[in-house]
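Fold and geometry: a report
Given next are the chains, with one letter for each unit.
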Amino acid sequence: MVIECKHVWDHISGYLDDTLDAETRALVQNHLEHCEICSAILDSTRNILILTADDRVFELPLGYSERLHARLEEEMKTIAPDES
Amino acid sequence: MTVGADPRDEAQMIAAILAGDTSHFHTLIRPYERSVYMMALSLLKNEAEAEDVAQEAFLKAFRNLAGFRADAKFSTWLIAITLNEARSRLRRGRVVVMESLDRPPDEDGHVSPALLRDWREIPSEALERSEVRGILQEAIADLPVIYREVFLLRDVEELSVNETSEALGITVASVKVRLHRARMMLQKRLAPQLKQVSPAKRRWFPWL
């Protein structure tokens, strides 16, 4: 059985997460080996996920952690966690 | 959400905090500082508001720690608190976020990816350029919120499908569908844009 590009696109995410069933995975795999457009889609998606997962994309505000712990320190003195 | 090399027994830390040794709370939350801020930022789109909501969420977690059920994960519980805090701030109208007026595409629909023949990897050194970071930030910020939340939890904060479903209170099937759509939307927008900023010149073929 051969599947069309459009059907392969529906499985890109599952393919990347390796959650496809064996049969679908084999169909997609086979298609990718012969279709440069679909393999470019897969590669670009994978690459984009690597880039967006990088901590440098969103940086924490300078001093965020220090301010957070100072505030917690201050407030925890006055509130005990609710034991009820 | 990676936890440091030393073993962390969160249940033990929580028990100690509830017994009155509150200093453990600082250690308990340290691995999640970034995720909490990121999720607040993803909804509020304003750094100062996000930081404020992050602080409030940690305080709320501290106050309600006795209500934390040991069968849940602390990280997931904390993120659910953060999202609630951010949403209630949005409802109170203190922050105005310009969401796209386009209705999010219906969940059964398809997103067609960008078709490229010659995709070349963008090396992660490209992230040293603020232009490239800006392109990625904007593309994520522009995702409709239901896709943005799932994408950030799964692909940026690296929660599992089950944890994401728990933190957002949606089914596992919805997590998968939304994640797929989010990824395809990002591919569609980013692949052509990133291709143009690619620093890779074909220097090894000087005649091209």
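Residues numbered from 1 in each chain as written. Chains lettered and ligands numbered in written order. Predicted model: local features only at pLDDT ≥ 70, side-chain atom pairs only at ≥ 80, totals over all residues.

1. With respect to the overall build of chain B
Keep this limit in mind: Secondary structure counts use DSSP, requiring at least four H or I residues in a row for a helix and at least two E residues in a row for a strand, with both numbered from the N terminus. Counting other C-beta atoms within 10 Å of each residue's C-beta, where C-beta atoms are placed from the backbone, gives the exposure class: buried for 20 or more, exposed for 12 or fewer, partly exposed between. With C-beta atoms placed from the backbone, a contact is any residue pair whose C-beta atoms sit within 7 Å.
Scanning chain B for helices and strands turns up nine helices and zero strands. Each helix (α) and strand (β) of chain B, taken in turn from the N terminus, gives the series α-α-α-α-α-α-α-α-α. The 208 residues of chain B split such that 35% are buried. Sequence separation of at least 24 residues holds for 69% of the intrachain contacts in chain B that already meet a minimum separation of 6.

2. Quick word on the overall build of chain A
To keep things clear, this is the line we draw: Every radius of gyration here is taken over C-alpha atoms, with the globule rule written as 2.2 Å times N^0.38, N being the number of residues.
If you tally the helices and strands in chain A, you get five helices and zero strands. Helices and strands appear in chain A in the N-to-C order α-α-α-α-α. Whereas a compact globule of 84 residues would reach a radius of gyration of roughly 12 Å, chain A reaches 23 Å, over 25% beyond that. By its C-alpha atoms, chain A is 70 × 35 × 15 Å across when sized along the principal axes. Here chain A holds 84 residues, and 20% of them are scored as buried.

3. Considerations on the packing of helix α5 (residues 74-91) of chain B against helix α8 (residues 161-168) of chain B
Residues and elements named next belong to chain B. Selection criterion: Simply put, an axis is a line fit to the C-alpha atoms, just over the touching stretch for a helix, and the angle between two N-to-C directions goes from 0 to 180 degrees. When the near helix sits turned anticlockwise from the far one by under a right angle, the crossing is termed left-handed; a clockwise turn instead gives a right-handed crossing. Following the grouping adopted for this structure description, the nonpolar residues are Ala, Val, Leu, Ile, Met, Phe, Trp, Tyr, Cys and Pro, the charged ones are Asp, Glu, Lys and Arg, and the polar ones are all others, Gly among them.
One can describe the packing of α5 onto α8 by two numbers: an axis separation of 8 Å at closest approach and a directional angle of 35 degrees. Viewed along their axes, α5 and α8 form a crossing whose handedness is right-handed. In contact with T76, I79 and A80 of α5, α8 contributes E163, E166 and A167. Of the residues that constitute the contact of α5 with α8, the class distribution is three nonpolar, one polar and two charged.

4. Observations regarding the domain arrangement of chain B
Residue and element names in this part refer to chain B. Quick reminder of the rule: Domain start and stop points were drawn from an automatic or database domain assignment.
When its domains are assigned, chain B resolves into domain 1 (10-91) and domain 2 (124-197). Relative placement of domain 1 and domain 2: their C-alpha centres are 22 Å apart. At the interface, eleven residues of domain 1 touch ten residues of domain 2. At five residues, the largest contribution of residues to the side of domain 1 that touches domain 2 is made by helix α3 (residues 33-44).

5. Focus on the nonpolar core
Residue and element names in this part refer to chain B. Here is the rule: Note on terminology: a nonpolar core is a set of buried residues of type Ala, Val, Leu, Ile, Met, Phe, Trp, Tyr or Cys, with members joined through C-beta atoms within 7 Å.
V36, A40, A54, F58, V150, F151 and A182 are the most contacted members of the largest nonpolar core, which totals 63 residues. Broken down by element, this core gets its largest block of residues, nine residues, from helix α9 (residues 172-197). Those residues in contact with V36 that sit more than four places away from it in its chain are A54, A57, F58, L78, I79 and T82.

6. Thoughts on the interface of chain B and chain A
Across the contact, 43 residues belong to chain B and 36 residues belong to chain A. Among the elements of the structure, α1 (10-18), α2 (24-29), α3, α4 (47-63), α6 (130-141), α7 (145-156) and α9 of chain B are those that each provide at least two residues to the side of chain B that touches chain A. Of the residues belonging to the side of chain B that touches chain A, the class tally is 25 nonpolar, eight polar and ten charged.

7. So, unusual backbone geometry
Phi is positive for A:D18, which is not a glycine, with a value near 55 degrees. Note that A:D18 resides in the loop between α2 (12-17) and α3 (22-34). Among the residues examined, A:D18 registers 7 C-beta atoms within 10 Å and is labelled exposed. Positive phi, close to 60 degrees, is recorded for B:E158, a residue that is not glycine. On the secondary structure map, B:E158 appears in the loop between α7 and α8.

8. A short note on the confidence of the model for chain B
Residues and elements named next belong to chain B. Going by this rule: One confidence number per residue, pLDDT, is output by the predictor and ranges from 0 to 100.
Summarising the model, chain B shows a mean pLDDT of 87, and 84% of its residues fall at 70 or more. Confidence drops under a pLDDT of 50 for residues 1-5, and excluding neighbours within four residues, the segment shows ten contacts in the predicted structure. Reported confidences for the modelled complex are a pTM of 0.86 and an ipTM of 0.89.

9. Observations concerning the environment of A:L68
The topology assignment puts A:L68 in helix α5 (residues 64-76). Setting aside chain neighbours within four positions, we find A:L68 in contact with B:E33, B:A54, B:Q55 and B:F58.

10. Examining the packing of α5(A) against α4(B)
Test applied: Should an angle lie under 35 degrees it is considered roughly parallel, over 145 roughly antiparallel, and from 65 to 115 roughly perpendicular; all remaining angles are considered oblique.
In the contact formed by α5(A) and α4(B), the axes pass within 10 Å of each other and the chain directions differ by 40 degrees. When the axes of α5(A) and α4(B) are compared, the pair comes out oblique. Here α5(A) runs over α4(B); the crossing is right-handed. Across the interface between the two elements, A:Y64, A:L68, A:R71, A:L72, A:E75 and A:M76 of α5(A) pack against B:E51, B:A54, B:Q55, B:F58, B:L59 and B:F62 of α4(B).

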